[in-house]
Amino acid sequence: MSTPEPAASPLPTAAAPTERAVAVCAVRVDGSVITEDRADRPFYAASTIKLLVLLATLRASDAGALDLDAVVPATRTFTGHDGEPFTLDGDHLDPTHPAEGAPVMVRDLALRMIDRSSNEATNHLMGLLPNGAVAREIEALALTGTRLERQIGDASALAAGLTNETTPRDLTVMLRALVSEAPVGTAAALFPASRELAVQALDAQQIRIISVGVADGFRCGSKSGWVPGFRHDAAWIRPTTGLDAGVVIAVMTQGFTSEDEADEAIRAAAKQSVPGTF
């Protein structure tokens, strides 16, 4: 039977890479490519995979299969790949998350998953999704380099070789599907209320990387992700006025020795890709 790791020994994520790499994809919201460099290279996704969970959540809401206004008891304990319970601990915890058993709305879980990257909210939502929801989203959006195989902090799944991966190109597709009024892939566009929730969550991002360097006159919604050795950001940048839908950019990195160094590389790649917004 598996037991939670102590706080001094954080639950596992992924092995730190030794190779340094930066990959980027920048597109307009209609999908036309602005620039790309190794855009189909898969990386350990870290928290950027939460964009996929958000999409599946909102799609389930649109289909009437999940009530965003339902109230559920908050939890930090989930059922692992091996069928045994595991409890998030250490760095995996969001200190602002509602106490165990406290009431929380499903829509608040969705917001918390994105704006503060709550792992508790992510795993909770994954457990509420209809069977096959994530797989259907991957298929509908033709996400060729993305796989979501385990919950965050599930040591038994990691031991079984399961992981979460994505690519810069796939991240731009996910963001476009969240913010675009037009269909992306074979999936219908999100309902306006769902799209509004997605934009609200992205714009409220608390862990900002690309958006730090965005010029005056632009708004930026984003979702970052990081574990030791990997640091990424995906952002939707658009003018604060006018009808321009803007651009979507994803930069994924690995092998940098510090977060500051990785952040500088991410912002440099973004500025080079869409210079008019920085």
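Above this text sits the structure in question.
I will try to describe carefully the structure that is included in this document. Remember, predicted model here, so these are calculated numbers, not experimental data.

Here's the deal with the packing of aromatic side chains
To describe a pair of aromatic rings, you give the distance between the ring centres and the angle between the ring planes.
Then comes step 1: Summed over the entire model, instances satisfying the criterion amount to two aromatic pairs.
Then comes step 2: Plain terms: the ring middles of Phe 78 and Phe 86 are 6.1 Å apart, the flat faces sit at 50 degrees to each other, and that makes the pair tilted. One exposure class covers both Phe 78 and Phe 86, and it is buried.
Then comes step 3: The ring centre of Phe 43 lies 4.5 Å from the NZ or CZ of Arg 41, which sits over that ring.
Then comes step 4: Residue placement shows Arg 238 over the ring face of Trp 236; its charged tip is 3.8 Å from the ring centre.

Quick word on the environment of Val 184
Then comes step 1: For Val 184, the location among the structural elements is in the loop between α6 (168-179) and α7 (192-203).
Then comes step 2: You can call Val 184 buried: its relative accessible area is 5%.
Then comes step 3: Separated by 42 residues in sequence, Val 184 and Ala 142 place their C-alpha atoms 9.6 Å apart.
Then comes step 4: Sequence-distant contacts of Val 184, that is, excluding residues within four places in its chain, are made with Ala 140, Leu 141, Val 173, Arg 176 and Ala 177.

Some details on the sheet that holds strand β1 (residues 21-28)
Hydrogen bonds between backbone atoms are what pair the strands of a sheet, whose relative direction is either parallel or antiparallel.
Then comes step 1: The strand order across the open sheet built from five strands is β2-β1-β12-β11-β10, with neighbouring strands paired in antiparallel fashion. Bordering the open sheet on either side are β2 (33-37) and β10 (218-227), each of which pairs with just one other strand. Sheet twist, expressed as the average angle between the axes of neighbouring strands with direction ignored, equals 10 degrees.
Then comes step 2: Here four bridges tie β1 to β2, and the two strands are oriented antiparallel to one another. Along β2, the bridge assignment pairs Cys 25 with Glu 36.
Then comes step 3: Lying over the sheet, α6 contacts β1, β2, β11 (230-239) and β12 (247-254), oriented at roughly 145 degrees with respect to β12.

Structural notes on the pairing of β11
Then comes step 1: The element β11 is largely enclosed, with a buried count of nine among its 10 residues.
Then comes step 2: As judged from the 10 bridges shared by β10 and β11, these two strands associate in the antiparallel manner. By the bridge assignment, Gly 221 is partnered in β11 with Trp 236.
Then comes step 3: Following β10, the chain reverses through two residues before pairing antiparallel with β11; Gly 229 in that reversal takes a positive phi of roughly 95 degrees.
Then comes step 4: Direction of pairing for β11 relative to β12: antiparallel, over a ladder of eight bridges. Directly across from Ala 235, in β12, lies its bridge partner Ile 249.

A word on the packing of helix α1 (residues 50-62) against α6
Then comes step 1: At their nearest, the axes of α1 and α6 sit 10 Å apart, and the two run at 30 degrees to each other. The handedness of the crossing between α1 and α6 is left-handed. Judged by residue contacts, Leu 51, Leu 52, Leu 54, Leu 55, Leu 58 and Arg 59 of α1 engage Leu 171, Met 174, Leu 175, Ala 177 and Leu 178 from α6.
Then comes step 2: Taken together, the residues of the contact of α1 with α6 sort by class into 10 nonpolar, no polar and one charged.

Structural notes on α7
It helps to recall that an α-helix has 3.6 residues per turn; residues three or four apart then point in one direction.
Then comes step 1: Here α7 contains 12 residues, and its C-alpha end-to-end distance of 16 Å stays within 8% of the 16 Å for a straight helix at 1.5 Å per residue.
Then comes step 2: All of the buried residues along α7 are Ser 194, Arg 195, Leu 197, Ala 198, Val 199, Ala 201 and Leu 202.
Then comes step 3: Lining the buried residues of α7 we find α1, α2 (106-115), α6, β10 and β11.

Cut-off values and rules
Residues numbered from 1 in each chain as written. Predicted model: local features only at pLDDT ≥ 70, side-chain atom pairs only at ≥ 80, totals over all residues. Heavy atoms only, no water. Phe/Tyr/Trp six-rings, centres within 6.5 Å; stacked < 30°, edge-to-face > 60°. Buried < 20%, exposed > 50% of the residue type's maximum accessible area, 1.4 Å probe, protein only. Lys NZ or Arg CZ within 6 Å of the ring centre and 35° of its normal. Helix = DSSP H or I, 4+ residues; strand = E, 2+ residues; numbered from the N terminus. Contact = heavy atoms within 4.5 Å. Pairing = 2+ DSSP bridges. Axes fitted to C-alpha atoms, helices over the stretch in contact; angles between N-to-C directions. Left-handed = near helix turned anticlockwise from the far one by under 90°. Nonpolar A, V, L, I, M, F, W, Y, C, P; charged D, E, K, R; others polar. Expected span 1.5 Å × (residues − 1).

None of this, on its own, says anything about what the molecule does.
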